[in-house]
Amino acid sequence: MLHRALFGSLERFTGILIEHHAGHLPLWLASVQVVVATITGAADLWAADVAETLREAGLRVETDLRNEKIGYKVREHALKKVPVQIALGAREADEETVTLRRHGAPETQTMPLSQVVQALVQEAEAPGGA
Amino acid sequence: MIHVRLHDGATRALTPASTAADLASAISPSLAKRTVAAVVDGQLADLIAPLPDGAAVELLPRDDPRALELIRHDLAHVLAEAVQTLWPGTKAAIGPAIEHGFYYDFERDTPFTPEDLPVIEKKMREIIAARRPFTREVWSRDEARAHFEAAGETWKLELLDAIPEGEPVTIYRQGDWRDLCRGPHMRHTGDAGTAFKLTHVAGAYWRGDATNPMLSRIYGVAFADQAALDAHLTMLAEAEKRDHRRLGREMDLFHFEEVAPGSVFWHPRGWRLFQTLIGYMRTRQEEAGYVEVNSPDIMDRALWETSGHWQNYRANMFLAQTEDDRDYALKPMNCSGHMLIYGQGTKSYRDLPLKLAEFGKVHRYEPSGALHGLLRVRSFTQDDAHIYCTPEQLTEECLKVNDLVLSIYRDFGFDDVRIKLSTRPESRIGSDESWTVPRTRCARRWRVRATPTRCSRARAPFTGRSSNMSCATPSGATGSAARCRWISTCRSVLGRPMSRPRARSSRLSCCTGRSSARSSGSPAS
């Protein structure tokens, strides 16, 4: 008989993963993968649409429609190490685009929603053992 | 004249009672200036101690790695002098060099606080700048007792009593400050240097025993030069940023409560992560031919007596008694439950290998001082599995497990995996062949496959050869981890032979060893 445990203790393995990645877990492990935050109330409906589309694609999404400054929201979600933040203002709502902020990337990027969904879904897939 | 042998093989004649300092001066003034200590017959020694005739002597410059321990020990003395100068009446207990630095324990009505540290550090720097010579004196026990009694140094009196009869009582002095100490020390307080920092305070029991009084401990880190100190402080700051307890709070993943020490309260985000890991492992195991089972958390004492846990592991088990006076224990391992599942129904040779897996919650009573966030807990979930196979299948199954581990670790970004393959203990069960064949074949295959990995040896429990694979975290904790053990012959927990046809000698066996890297006892089979 062989006896084996691969993670060993799942609690311990979780602790090690958190320290190994300094909290910035890869997308497939992140509890909340995307936060959709509004810059203005005018983007609320578009934010709900975006969140719904991402959820339907299988991503773990939260919305932040609070009446707070976007800088405040970004800092708060960054502290919680959410890997992808989407900020939506009046312009994005008009053009039906999204502005994306990745952890560690200096620049934000504005692009069509479909492009974002495709890239994130691919990245969020659990690895299958290379 | 006496003769000493130098590191380069040369012999040197000296007048009797010459010291290593005299030796350095006799060789060259510049060497004397550089030398802070000596290694005499393999032992670190003061420069001021007389050299024995025929000794092998190596003179150490301050930047020799072996001098680092002296730097740290000197600083412990400087710390104690600084504290007793600033707060007269504070009792000094004990202050050794440790990895990365030093500490000193003190007794005082109000424990030290982090705000005290800069004040103490400033005083230490004054003492270092004064370059007070360290001198060594041998006192009689009575002299030492009278001195420390008069000074009210009760802890030093205890240490004095602990020095075995016949061993000299040595006092190291820097200026007017004295300590009971075996030494050695460098020339003067200036040799300790300024590349140090007091880092934190902590409570510490005298001699590490919780029944003794609590002392106030001051920790410092120290290196030979500022660059090394800075690098270490940067590493500490980085580790602090990565501390999973802090991140767990900030990311709202989990918390702990006094009502359940060492047991995790998972918050929604943390539990999601936990379940993602289970989901991933479940998929990988299904692909690898495992079947998932689940066994009870609480089982009767009778089972634990059969498995040996009751006799050998009870101190680590959580026990429960019910109204009908039955004794139960929370399972500390999943093995016994799997044996009972395997033992159900008739098993044919054709059923093998049979791979039973369970995400089993186990409970182990660990000392409260050992608990550390998620890394050291009292209840945890093992991704445990037992593979029942024929002796012929054993090696291949071992290799499959190890390939699976390496593949899974790679998925998580752990590329630096260390494998420890245990050696064969003197006291063991099973045939020599059952130990040797898998070892040889696994080791050979690993050398080919497991790069980049590091292999080393560890000692096996008597039940069977085991391999451990671990990865390192930035905070220095060795990552847990995967463990695989083959147990070919054990006393049976059920004692049922396998059904014909072609049943070999295999009997159901009980897993007995430590089933994770972290238990502190090992029940016998």
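The structure presented is a predicted model; accordingly, all values stated were derived computationally and were not measured. (Residues numbered from 1 in each chain as written. Chains lettered and ligands numbered in written order. Predicted model: local features only at pLDDT ≥ 70, side-chain atom pairs only at ≥ 80, totals over all residues. Heavy atoms only, no water.)

Comments concerning the overall build of chain B
- Broken down by element type, chain B carries 14 helices and 25 strands.
- Evaluated residue by residue, chain B yields a buried proportion of 50% over its 525 residues.
- Sequence-distant contacts, at least 24 apart, represent 67% of the contacts inside chain B between residues at least 6 apart.
- Here chain B displays about 24,500 Å² of accessible surface, and carbon together with sulfur accounts for 51% of that area. (Helix = DSSP H or I, 4+ residues; strand = E, 2+ residues; numbered from the N terminus. Buried < 20%, exposed > 50% of the residue type's maximum accessible area, 1.4 Å probe, protein only. Contact = heavy atoms within 4.5 Å. Areas by Shrake-Rupley, 256 points an atom, 1.4 Å probe, with all protein chains shown as cover.)

Some words on the sheet that holds strand 17 (residues 298-300) of chain B
All names here are of chain B.
- Strand order across the open sheet formed by three strands is 17-19-18, with antiparallel pairing between neighbours. Edge positions in the sheet fall to strand 17 and strand 18 (319-321), since each of these pairs with one other strand and no more. When strand polarity is set aside, the average angle formed by the axes of neighbouring strands in this sheet is 35 degrees.
- When strand 18 meets strand 19 (residues 327-330), the two strands line up antiparallel, connected through three bridges. By the bridge assignment, Gln 321 is partnered in strand 19 with Asp 327. (Pairing = 2+ DSSP bridges. Axes fitted to C-alpha atoms, helices over the stretch in contact; angles between N-to-C directions.)

Looking at the nonpolar core
- Ranked by internal contacts, the top residues of the largest apolar core, which has 45 residues, are Phe7(A), Phe13(A), Leu17(A), Leu29(A), Leu277(B), Ile408(B) and Phe412(B).
- Elements with a minimum of two residues in this core: strand 1 (2-9) and helix 1 (10-20) of chain A together with helix 9 (268-287), strand 20 (354-363), strand 21 (379-388) and helix 13 (391-411) of chain B.
- Val36(B), Leu68(B), Phe112(B) and Met186(B) belong to the second largest nonpolar core, which has 30 residues in total. (Core = buried A, V, L, I, M, F, W, Y, C linked by side-chain atoms within 4.5 Å.)

A short note on the interface of chain B and chain A
- Contact residues are listed per partner, giving 71 residues for chain B and 38 residues for chain A.
- Summing the contributions of chain B and of chain A, the shared interface buries around 5,300 Å²; its carbon and sulfur component is 63%.
- Our count for the chain B to chain A interface comes out at two salt bridges.
- As a salt-bridge pair, Glu62(A) and Arg269(B) come within 2.9 Å of each other at their nearest N and O atoms.
- Where chain B packs against chain A, one counts 19 residue pairs in polar contact (both at pLDDT 80 or more).
- If you list the elements that add at least two residues to the side of chain B that touches chain A, you get helix 8 (244-250), helix 9, helix 12 (335-342), strand 21, helix 13 and strand 25 (482-486) of chain B.
- Residue composition of the side of chain B that touches chain A, by class: 40 nonpolar, 16 polar and 15 charged.
- Across five bridges, strand 1 of chain A lies against strand 21 of chain B in antiparallel orientation. Opposite Leu2(A), over in strand 21 of chain B, you have Ile387(B) as the bridge partner. (Buried area = accessible area lost by both parts, 1.4 Å probe. Salt bridge = Lys/Arg side-chain N within 4 Å of Asp/Glu carboxyl O. Polar contact = N/O pair within 3.5 Å; in protein donor to acceptor, adjacent residues only side chain to side chain. Nonpolar A, V, L, I, M, F, W, Y, C, P; charged D, E, K, R; others polar.)

Description of the pairing of strand 8 (residues 101-107) of chain B
Residues and elements named next belong to chain B.
- Taking burial as the measure, the seven residues of strand 8 include six buried ones, the bulk of the element.
- Taken together, the two bridges between strand 6 (residues 91-92) and strand 8 define a ladder with antiparallel strand orientation. Along strand 8, the bridge assignment pairs Ala 92 with Phe 106.
- As paired strands, strand 7 (residues 97-98) and strand 8 are joined by two bridges and run antiparallel to one another.

Overview of the sheet that holds strand 5 (residues 56-61) of chain B
Residue and element names in this part refer to chain B.
- Strand order in the open sheet formed by five strands is 2-1-5-3-4, with mixed pairing between adjacent strands. Taken across any chain shown, the strands that pair with only one partner, and hence form the sheet edges, are strand 2 (11-14) and strand 4 (43-45). Each neighbouring strand pair of the sheet contributes to a mean axis angle of 40 degrees, computed without reference to strand direction.
- Against the sheet, helix 1 (residues 20-27) touches strand 1 (2-6), strand 2, strand 3 (35-40) and strand 5, its axis set at about 75 degrees to strand 5.

Observations concerning the environment of Cys335(B)
All names here are of chain B.
- Within the secondary structure, Cys 335 is located in helix 12.
- For Cys 335, a relative accessible area of 0% corresponds to the buried category.
- Spatially, the C-alpha atoms of Cys 335 and Asp 384 are 8.4 Å apart, while their sequence positions differ by 49 residues.

Remarks on the side chain of Gln285(B)
- Among the structural elements, Gln285(B) can be located in helix 9.
- Its relative accessible area of 4% is what places Gln285(B) among the buried residues.
- Once you skip the residues sitting within four places of it in the chain, Gln285(B) turns out to touch Arg4(A), Tyr290(B), Ala357(B) and Phe359(B).

Things to note about the pattern of salt bridges
- Counted according to the given criterion, the structure contains 36 salt bridges over all chains.
- Sharing partners across several salt bridges, the network here consists of Asp64(A), Arg66(A), Lys73(A) and Glu76(A).

A look at the packing of aromatic side chains
- As enumerated under the stated definition, the model contains 19 aromatic pairs over all chains in all.
- Here the aromatic rings of Phe106(B) and Phe112(B) are separated by 5.7 Å at their centres, their planes lie at 75 degrees, and the arrangement is edge-to-face. Across the pair, exposure class does not vary: Phe106(B) and Phe112(B) are buried alike.
- Taken together, the ring pairs in this structure connect Phe7(A), Phe13(A), Trp28(A), Tyr280(B), Tyr409(B) and Phe412(B) into an aromatic cluster.
- The ring of Phe223(B) carries Arg72(B) above its face, with NZ or CZ at 4.9 Å from the centroid.
- Across the ring face of Tyr103(B), the terminal group of Arg217(B) is positioned such that the distance to the ring centre comes to 3.7 Å. (Phe/Tyr/Trp six-rings, centres within 6.5 Å; stacked < 30°, edge-to-face > 60°. Lys NZ or Arg CZ within 6 Å of the ring centre and 35° of its normal.)

Description of helix 3 (residues 68-86) of chain B
- Here helix 3 of chain B is 19 residues long and its end C-alpha atoms lie 27 Å apart, about the 27 Å a rise of 1.5 Å per residue gives.
- Within helix 3 of chain B, 16 of the 19 residues are buried, leaving the element largely enclosed by the surrounding structure. (Expected span 1.5 Å × (residues − 1).)

Topic: unusual backbone geometry
Residues and elements named next belong to chain B.
- Cis geometry marks the peptide bond from Gly 183 to Pro 184, where omega comes out at -5 degrees.
- With an omega of -5 degrees, the peptide bond running from Leu 352 to Pro 353 counts as cis.
- Along the chain, the position of Pro 353 falls in the loop between helix 12 and strand 20.
- The backbone of Ala 17 shows a phi angle near 70 degrees, a positive value even though the residue is not glycine.
- By the secondary structure assignment, Ala 17 is in the loop between strand 2 and helix 1.
- Given the relative accessible area of 55%, Ala 17 is considered exposed.
- With phi around 60 degrees, Asp 252 is a residue other than glycine that occupies positive phi space.
- Mapped onto the elements, Asp 252 comes out in the loop between helix 8 and strand 14 (254-255).

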